[in-house]
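Take a look at the letters that make up each chain.
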Amino acid sequence: MARNLGNFDGQVVLVVGAASGIGRAVARLISSRGGTVVISDLDKTGLASLKEELSLNDNQVKDVNLGDKSSVSNLIVSLISDHSQIDALINTAGIVGPTNTKLEDVDWSAFEKTLSINLFGAIWLTQAVVPFMKDRKYGRIAHVASIAGKEGNPGMHAYNTSKAGLIGFVKGASKEIAADGITINSLAPAVIRTPMNADTNEETLKYMIGRIPMGRVGEPEEVAELLAFMASSACSFTTGFTFDASGGRATY
Ligand SMILES: NC(=O)c1ccc[n+]([C@@H]2O[C@H](COP(=O)([O-])OP(=O)(O)OC[C@H]3O[C@@H](n4cnc5c(N)ncnc54)[C@H](O)[C@@H]3O)[C@@H](O)[C@H]2O)c1
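The text that follows walks through the structure, step by step, so that each part is easy to find.

Calculation rules
- Residues numbered from 1 in each chain as written.
- Predicted model: local features only at pLDDT ≥ 70, side-chain atom pairs only at ≥ 80, totals over all residues.
- Heavy atoms only, no water.
- Helix = DSSP H or I, 4+ residues; strand = E, 2+ residues; numbered from the N terminus.
- Rg over C-alpha atoms; globule rule 2.2 N^0.38 Å.
- Buried < 20%, exposed > 50% of the residue type's maximum accessible area, 1.4 Å probe, protein only.
- Contact = heavy atoms within 4.5 Å.
- Areas by Shrake-Rupley, 256 points an atom, 1.4 Å probe, with all protein chains shown as cover.
- Lys, Arg positive; Asp, Glu negative; His and termini not counted.
- Charge placed at Lys NZ, Arg CZ, Asp CG, Glu CD.
- Polar contact = N/O pair within 3.5 Å; in protein donor to acceptor, adjacent residues only side chain to side chain.
- Near = heavy atom within 4 Å.
- Nonpolar A, V, L, I, M, F, W, Y, C, P; charged D, E, K, R; others polar.
- Phe/Tyr/Trp six-rings, centres within 6.5 Å; stacked < 30°, edge-to-face > 60°.
- Lys NZ or Arg CZ within 6 Å of the ring centre and 35° of its normal.
- Arc of directions from axis to C-beta.

**Let's talk about the overall build of the protein**
The number of helices and strands found in the protein is eight helices and seven strands. The C-alpha atoms of the protein give 17 Å as radius of gyration, which agrees with the globular expectation for 252 residues (18 Å, within 12%). Along the longest, intermediate and shortest principal axes, the C-alpha atoms of the protein span 50 × 40 × 40 Å. Across the 252 residues of the protein, 50% fall into the buried class. Counting only contacts in the protein whose residues sit at least 6 apart along the sequence, the fraction spanning at least 24 positions is 71%. Summed over all atoms, the accessible surface of the protein reaches about 11900 Å², with 53% contributed by carbon and sulfur. Separation of charge centres in the protein, based on 23 positive and 26 negative side chains, amounts to 5 Å.

**Some details on the side chain of D180**
Mapped onto the elements of the fold, D180 is located in the loop between α6 (157-177) and β6 (182-189). Engagement of the side chain of D180 in a polar contact is seen with the side chain of K137, the distance being 3.1 Å. Residue contacts for D180: discarding those within four places in its chain leaves K134, K137 and Y138.

**Observations regarding the site of the ligand**
Around the ligand, 30 residues are found, and the nearest of them are S20, D41, Y159, T194 and N197. Within the contact set of the ligand, an oxygen atom lies 2.6 Å away from a side-chain nitrogen or oxygen of D41. One of the backbone nitrogen or oxygen atoms of L42 is found 3.4 Å away from a nitrogen atom of the ligand. When the ligand is considered free in solution it has 830 Å² of accessible area, and contact with the protein chains removes 92% of it. Mapped by element, the contributors of at least two residues to the shell around the ligand are α1 (21-32) and α6. Classifying every residue of the shell around the ligand gives 17 nonpolar, ten polar and three charged.

**A closer look at the packing of aromatic side chains**
Taken as a whole and assessed by the stated rule, the structure comprises four aromatic pairs. Between F120 and W124 the ring centres are 6.1 Å apart and the planes differ by 50°, which places this aromatic pair in the tilted class. One end of the pair, F120, and the other, W124, are both in helix α4 (residues 108-136), four residues apart, so they sit about a helical turn from each other. Overall, the relative accessible area of 19% leaves W124 in the buried class. Measuring from centroid to centroid gives 5.1 Å for F241 and F243, while their planes differ by 80°, and the two rings are edge-to-face. Chaining the aromatic ring pairs together yields one cluster made of F229, F241 and F243. Residue placement shows K150 over the ring face of Y252; its charged tip is 4.7 Å from the ring centre.

**Here's the deal with helix α8 (residues 220-230)**
An α-helix turns once per 3.6 residues; consequently, residues spaced three or four apart project the same way. Of all the residues in α8, the buried ones are P220, V223, A224, L227, A228 and M230. Taken down its axis, α8 places every buried residue within 150° of arc, on the same side. Where α8 is buried, its residues meet α1, β4 (88-91), β5 (139-144), β6 and β7 (242-245).

Here is the structure:
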């Protein structure tokens, strides 16, 4: 009988950004497919409710501040101490940062904060997990970027830069660790129905949906399916790639 490569039995999967939106949906999915999920986020309340929903143990819940390098390394040290292995890292944490900001008016502290969470945090996470994956000659890393990293949105300079940087980082890193049994990919969604868009005004939402040939926003569960594939042993010959979840908006 064919093996089910999408199953996570016996695997430890870290989901960063799990308290909300896409991260929450993928944590649910991995858990339903047999994985030991370790959920992590800055938002402790969101983590607590997901812990209860999925009946997780205490050692499967770990808070982190992705904008702080030592917090990121403490997370991985604690995960390895509790679970001895990490098969996959799925990083969905992120912030939008400043919007509607003219290039001339960019505020550097807000710019740096967005980059440190969306880009540096993703790099610090990758640096921290790779040695453990190399030891076992197996690993899957999936980072959530954005269509903004491919096309750019006016007035969102920090966000665009962070997501384009993430796509570039993943491409280079993939080549370096390809022979170690580790794949690393990113994913570029268009608009997805999550709390991140809760405050987006009707007009902007209409404009964004107008650019999606399917004529609708995506659901977090649809993105979670792709991330679960990227984090599974089935994703064995694809690395350095940017997967698409844009309802047909991106054709490249
Ligand atoms: N929703 C969309 O339309 C959309 C589109 C393209 C890309 N994305 C990307 O998808 C990812 C998930 O977004 P979402 O829509 O689920 O948003 P969300 O706001 O629902 O979830 C983001 C999570 O990241 C966490 N987070 C924020 N700062 C953190 C920090 N410093 N340390 C640790 N965790 C932190 C939040 O607490 C939250 O739980 C993000 O990277 C986002 O940029 C979203």
